[in-house]
Amino acid sequence: MRGMTPRVSIVAAAVAATLLAAPARAQTQADFPPAISVTGEATVSVPPDLAQVDAGVTSDAKTAREASDANSAAMGKVLLALKNAGIEQKDYQTSRLSLQPEYAPNRQGPSPVVGYRASNRVTIRVRDVTKVANVIDTLVGAGANDIGGINFMVSQASKLLDDARTQAVADARRKAEIYAKAAGATLGAPLSISEEGAAPRPVFRAKMAAEMAAAPVAQGEETLSVTVNVSWAIKAGQ
């Protein structure tokens, strides 16, 4: 009898260990309430109140030093013109600076370096969109030979979208009620609401030569959109 006691203890310990190591009960379909998931959308159109202008100076020369010096002098004139036009220094900054060799075209084998091209680009924030054309005139008149793009924006976009968010949820409810009615169910409370990321802002881009400096610029309107994903609980119809 004494010889069996250790066996009983070992078996009991093994059972206890098995119970402790048993995994939690797997979730089944019954653990999740019936639901309908839909997408709600809403838009609002507002005039932009902010613009960004991308401009630059490109200089070609025989040597890297000559190209760099010429480019630095030309960009210095552009920055001074911006300052004299009343653009605050905090509203413009260098966005790209490069110096690259230029090679002889249409030659077999390695092409020799025939010159260098220096480029300096600056991004200007224009807080009065009605003055975008004037800023472009200032840039080109000061020597900027590449106007790369104009980006119109709405500075308080998130705040302006608050009404659209309400409308987007209402749109989601409308769709969910249609599906619930078609399925013979009753719509309950929302289980989850998530907002999708905002779409990229529209951008107007154009390459402009000096003779196009007086081209008119129309800012139009920005269309801001909101998309929400909502899951609604549903109950079987009576």
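Heads up: these notes are all about the structure in this document. For every chain, the first residue of the written sequence is number 1, and numbering continues from 1 onward in sequence order. Residue-level local features of this predicted model are given only where pLDDT is at least 70; pairs of side-chain atoms are given and counted only at 80 or more, and the full residue set underlies all totals for whole chains, interfaces and linings. Side-chain metrics in this entry use all non-hydrogen atoms of the structure; hydrogen atoms and water are not considered.

## Overview of the packing of helix α2 (residues 64–84) against helix α3 (residues 132–141)
Spelled out, the test is: All axes here are fitted lines through C-alpha atoms, helices being fitted over the stretch that makes contact, and every angle between N-to-C directions spans 0 to 180 degrees. Starting at the N terminus, helices and strands are each numbered in turn, a helix being any DSSP run of H or I of at least four residues and a strand any DSSP run of E of at least two. A crossing counts as left-handed when the near helix is turned anticlockwise from the far one by less than a right angle, and as right-handed when that turn is clockwise. By definition, residues are in contact when any of their heavy atoms lie within 4.5 Å. By the convention adopted, Pro, Cys, Tyr, Trp, Phe, Met, Ile, Leu, Val and Ala count as nonpolar, Lys, Arg, Asp and Glu as charged, and the other residues, Gly among them, as polar.
The N-to-C vectors of α2 and α3 enclose an angle of 145°; their axes lie 8 Å apart at closest approach. Crossing of α2 over α3 shows right-handed handedness. On the side of α2, the interface is formed by V78, A81 and L82, while α3 contributes V135, T138 and L139. Classifying every residue of the contact of α2 with α3 by side-chain character gives five nonpolar, one polar and no charged.

## Considering the side chain of N120
In this structure, N120 sits in strand β4 (residues 113–126). Contact partners of N120, with chain neighbours within four places excluded, come to A55, G56, V57, N71, M75, T94, R96 and L97.

## Points about the side chain of S59
Cut-off, in case you're wondering: A 3.5 Å cut-off defines polar contacts: any pair of N or O atoms within that distance qualifies, except that in protein one atom must be a possible hydrogen donor and the other a possible acceptor, and neighbouring residues in sequence count only when both atoms are side-chain atoms.
Considering the arrangement of structural elements, one finds S59 in strand β2 (residues 50–61). Among the polar contacts listed, one links the side chain of S59 to the side chain of N71, at a separation of 3.3 Å. Beyond its immediate chain neighbours, meaning those up to four positions away, S59 contacts A67, A70, N71, Y116, R117 and A118.

## Comments concerning the sheet that holds β4
To keep it simple, the criterion reads: Any two strands with at least two DSSP-identified bridges between them are counted as paired.
Taken together, the four strands give an open sheet; going across it, the order is β3-β4-β2-β5, and neighbouring strands pair in antiparallel fashion. What marks the edges here is a single partner per strand, and that holds for β3 (92–103) and β5 (146–153). On average, each strand axis in the sheet is inclined to that of its neighbour by 15°, with strand direction left out of account. Here α3 sits on the sheet and contacts β2, β4 and β5; the angle it forms with β5, its principal contact strand, is near 160°.

## Here we look at the nonpolar core
For clarity, the cut-off: Buried Ala, Val, Leu, Ile, Met, Phe, Trp, Tyr and Cys residues that are joined via side-chain atoms within 4.5 Å together make up what is termed a nonpolar core. Only protein chains enter the calculation, and the probe is 1.4 Å; a residue is then buried if its accessible area is under 20% of its type maximum, exposed if over 50%, and partly exposed in between.
Within the largest apolar cluster, 25 residues are counted, with the highest numbers of intra-cluster contacts made by I124, V132, L139 and I147. Taken together, the elements giving at least two residues each to this core come down to β2, α2, β4, α3 and β5. Counting residues in hydrophobic clusters, the runner-up holds 20 residues, among them V46, A164, A168 and A185.

## Brief notes about the environment of G143
The residue G143 is located in the loop between α3 and β5 in this model. Considered as a pair, G143 and G76 are 67 residues apart in the sequence and their alpha carbons are 9.7 Å apart. Aside from chain neighbours lying at most four places away, what touches G143 is V57 and V78.

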